[in-house]
Amino acid sequence: MAFALLSPAFEDGGTIPRTFTCDGEDVSPALTWRDPPAGVRSFALIMDDPDAPVGTWVHWVVYDLPPELRELPERVPPGERLPFGGAHGRNSWGRLAYGGPCPPGGTHRYVFRLYALDSVLGLALGASKEDVLRAMQGRTLGEATLTGRYGR
């Protein structure tokens with residue numbers, strides 16, 4: 001099997017339910033993953049909207065997730081540290097939290113990327129997407145993606 005990222009809330013390429021958007025409860029969907037590469041020491045997750053009119057909009061940044069973890073529950077709470085290990089980075093709204101799809105118009109793609117890493121990044125709390133990507137250079141063992149769509 002290949003390293004894969006899934007959600008019980010929507011299929012890859014499918015519509016993200018309203019609950020997980022700014023038009024609903026704006027809570028994170030549950031995510032699960034399977035078959036990470038050997039040697040994983042941590043995971044990082046980035047969710048962004050490449051269709052945003054101002055350029056890619058970052059909705060969620062999580063890093064230093066424990067290597068034994070295989071899921072994120074629905075409604076991951078905001079804050080610097082996650083209750084099951086790892087840390088939130090800062091999204092484009094400047095929050096240490098998930099920020100759901102909220103397109104100004106039309107249908108946008110929302111890409112969740114889970115990275116399997118050969119080390120813990122050890123970044124300061126509240127790191128940006130750019131900080132995480134820079135720290136991951138040369139440390140990525142694998143990447144799994146899940147894309148959802150949402151429109152208004």
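Cut-off values and rules
Residues numbered from 1 in each chain as written. Predicted model: local features only at pLDDT ≥ 70, side-chain atom pairs only at ≥ 80, totals over all residues. Heavy atoms only, no water. Helix = DSSP H or I, 4+ residues; strand = E, 2+ residues; numbered from the N terminus. Rg over C-alpha atoms; globule rule 2.2 N^0.38 Å. Buried < 20%, exposed > 50% of the residue type's maximum accessible area, 1.4 Å probe, protein only. Contact = heavy atoms within 4.5 Å. Phe/Tyr/Trp six-rings, centres within 6.5 Å; stacked < 30°, edge-to-face > 60°. Polar contact = N/O pair within 3.5 Å; in protein donor to acceptor, adjacent residues only side chain to side chain. Disulfide = S-S within 2.5 Å. Core = buried A, V, L, I, M, F, W, Y, C linked by side-chain atoms within 4.5 Å.

*Asks:* Can you help me understand the overall build of the protein in this one?
*Replies:* Secondary structure summary: the protein contains one helix and eight strands in total. Scanning the protein from its N terminus toward the C terminus, one meets helices and strands in the order β-β-β-β-β-β-β-α-β. A globule of 152 residues ought to have a C-alpha radius of gyration of about 15 Å, and the protein, at 14 Å, matches this closely. Taking the principal axes of the C-alpha coordinates as reference, the protein spans close to 40 × 35 × 25 Å. The 152 residues of the protein split such that 48% are buried. Within the protein, contacts between residues separated by at least 24 positions form 71% of all contacts whose residues are at least 6 apart in sequence.

*Asks:* Help me understand the packing of aromatic side chains, please; the structure alone is not making it clear to me.
*Replies:* Within a pair of aromatic rings, the relevant descriptors are the distance that separates the centres and the angle that separates the planes. The final tally for this structure, using the stated rule, is five aromatic pairs. Taken together through their ring pairs, the aromatic side chains of F3, W33 and F43 make up a single cluster.

*Asks:* Explain the environment of P103 to me, please; I cannot follow it from the model alone.
*Replies:* Note that P103 resides in the loop between β6 (87-88) and β7 (107-117). For P103, a relative accessible area of 1% corresponds to the buried category. Sequence spacing of P103 and Y150 is 47 residues, and the spatial spacing of their C-alpha atoms is 7.6 Å. With near-sequence residues (within four places) excluded, P103 lies in contact with H108, Y110, Y150, G151 and R152.

*Asks:* Help me out: how do you make sense of the side chain of D48 in this one?
*Replies:* Take D48: it is sitting in strand β3 (residues 42-49). Judged by relative accessible area, D48 falls into the buried class, the value being 4%. There is a polar contact of 3.3 Å between the side chain of D48 and the side chain of R113. Residues in contact with D48, not counting those within four places in the same chain, are T56, W57, V58, H59, R109, Y110, V111, R113 and K129.

*Asks:* Whenever I open this one, the state of the cysteines confuses me. Can you help?
*Replies:* One covalent bond between the sulfur atoms of two cysteine residues makes up a disulfide. Counted under the stated rule, the structure contains one disulfide. Paired by a disulfide, C22 and C102 hold their sulfur atoms 2.1 Å apart. Looking along the S-S bond of the C22-C102 disulfide, the torsion reads about 80°, which is the right-handed sense. A residue pair is termed long-range when its members are at least 10 positions apart, and C22 in the loop between β1 (4-6) and β2 (31-34) and C102 in the loop between β6 and β7 qualify at 80 residues.

*Asks:* It is not clear to me how the nonpolar core should be interpreted in this structure. Could you clarify?
*Replies:* L5, W33, L45, W60, L72 and F112 are the most contacted members of the largest nonpolar core, which has 27 residues in total. Counting residues per element, the ones that place at least two in this core are β2, β3, β4 (57-65), β7 and β8 (140-151). Sort the elements by how many residues they give to this core and β7 lands first, with four residues. Those residues in contact with F112, other than ones at most four positions away along the chain, are L5, F10, I16, P29, L31, L45, I46, M47, W60, A144, T145 and L146. In this structure, A87, L121, A127 and M136 belong to the second largest nonpolar core, which totals 13 residues.

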